[in-house]
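Analysis of the macromolecular model
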Amino acid sequence: MIADFQDWARSRQVRIETSLQTLLPAADVPPERLHDAMRYTVLGGGKRVRPLLAFAAGELNNADEERVTIAAAAVELIHAYSLVHDDLPCMDDDVLRRGKPTCHVEYDQAIALLAGDSLQSLAFQLLAEYRLADSPQMQLEMIKRLAQAAGSRGMAGGQAVDLASVGKTLSLPELEFMHIHKTGALIRAAVMLGAYCGNNLNESQLTSLDHFAKCIGLAFQVVDDVLDAEATTATLGKTAGKDAENNKPTYVSILGANRARELAEELRRDAYQSLEIFGATAGRLRQLTDFIIHREF
């Protein structure tokens, strides 16, 4: 089963990488430096967890993989834009991402800012340009869902809370609120957009799937916090120990590493339970759940 999952994941990673290479503006198209920075940021790195979640969710209801590929690319572009902006000196001020210099280090801060803006715009262009759902109403829901996930009530809002929390002690519910938005919102959008590309799920199925995605989004961040505290920079491809250095509240700082790992396992069990309604069709989502919880990078 592990080999089967690895083959499946690798084939989808290749698929999304190939698609992104095509969908991004070519580096020789003016303005060349901006387009080169966009490609530098997006291509050739990353686990592609969000696209994998979209592909796995699409398997629940026989979604066309061409549709899911475009939806997954849109989510990944939003994710890449967020990384470019998060790494800027005015935010997390980091110099390493995916094992190479961050965008503002490789280019400059102005180009990095514009590259992030352009990646965000391109994501919504893709959702509007391609037919991804059976009805216009569902496609509008996809655009709305990604916009909410990226905005002040999602990822950007969570980042604002994160910046305001530096040096403070948060309660566990406060930390959860922050990460439901900062990390979890885009992961939930990836899952739901993948499902929206296929045949309509009923209300109970959509509620269960969204709860699954919420659990996975939180679990992803819990594991990230543990890895930031325990893994090496070489393993992570980004600066290890950054949270502690910046005095940021994390699941490790609040709970300790052992309890944080236990929380990740609790979220895994909750996620599994949410998938029971789908039976065997949720096999890939279960495998991705295990990957997210037990990953080492």
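Residues numbered from 1 in each chain as written. Predicted model: local features only at pLDDT ≥ 70, side-chain atom pairs only at ≥ 80, totals over all residues. Heavy atoms only, no water.

What about the state of the cysteines?
Under the defined criterion, the tally for this structure stands at zero disulfides. Unpaired in this structure, Cys90 has its nearest cysteine sulfur neighbour in Cys103, at a distance of 13 Å. (Disulfide = S-S within 2.5 Å.)

Here's the deal with the side chain of Asp94
Relative to the helices and strands, Asp94 is located in the loop between helix 4 (65–86) and strand 1 (96–97). Residue Asp94 is classed as buried on the basis of its relative accessible area, which comes to 8%. In this structure the side chain of Asp94 is engaged in a polar contact, spanning 2.7 Å, whose partner is the side chain of Thr239. For Asp94, the contacting residues outside a window of four places in its chain are Asp87, Thr102, His104, Thr239 and Lys242. (Helix = DSSP H or I, 4+ residues; strand = E, 2+ residues; numbered from the N terminus. Buried < 20%, exposed > 50% of the residue type's maximum accessible area, 1.4 Å probe, protein only. Polar contact = N/O pair within 3.5 Å; in protein donor to acceptor, adjacent residues only side chain to side chain. Contact = heavy atoms within 4.5 Å.)

Details of the packing of aromatic side chains
What the rule picks out here adds up to four aromatic pairs. On the numbers, 6.2 Å between centres and 45° between planes, the contact of Phe5 with Phe291 is tilted. Of this pair, Phe5 sits in helix 1 (residues 2–23) while Phe291 is found in helix 16 (residues 283–294), placing the two residues 286 residues apart along the sequence. The class for Phe5 is buried, based on a relative accessible area of 11%. (Phe/Tyr/Trp six-rings, centres within 6.5 Å; stacked < 30°, edge-to-face > 60°.)

Focus on the pattern of salt bridges
Per the counting criterion, the structure on display carries 22 salt bridges. In this structure, Glu66 and Arg15 form a salt bridge, with 3.1 Å as the shortest nitrogen-oxygen distance. With Glu66 in helix 4 and Arg15 in helix 1, this pair connects stretches of sequence that are 51 residues apart. On the accessibility criterion, Glu66 (55% relative accessible area) is exposed. (Salt bridge = Lys/Arg side-chain N within 4 Å of Asp/Glu carboxyl O.)

Description of the packing of helix 3 (residues 49–58) against helix 4
A pair of packed helices can be characterised by two numbers: the angle between their axes and the separation between those axes. Two elements in contact, helix 3 and helix 4, have axes whose closest approach is 8 Å; the angle formed by their N-to-C orientations is 150°. By the angle class used here, helix 3 and helix 4 are roughly antiparallel. You can see that helix 3 and helix 4 cross each other, and the crossing is right-handed. Contact residues: helix 3 offers Arg50, Pro51, Ala54 and Phe55, while helix 4 offers Glu65, Val68, Thr69, Ala72, Val75, Glu76 and His79. In terms of residue class, the contact of helix 3 with helix 4 is built from six nonpolar, two polar and three charged. (Axes fitted to C-alpha atoms, helices over the stretch in contact; angles between N-to-C directions. Parallel < 35°, antiparallel > 145°, perpendicular 65-115°, else oblique. Left-handed = near helix turned anticlockwise from the far one by under 90°. Nonpolar A, V, L, I, M, F, W, Y, C, P; charged D, E, K, R; others polar.)

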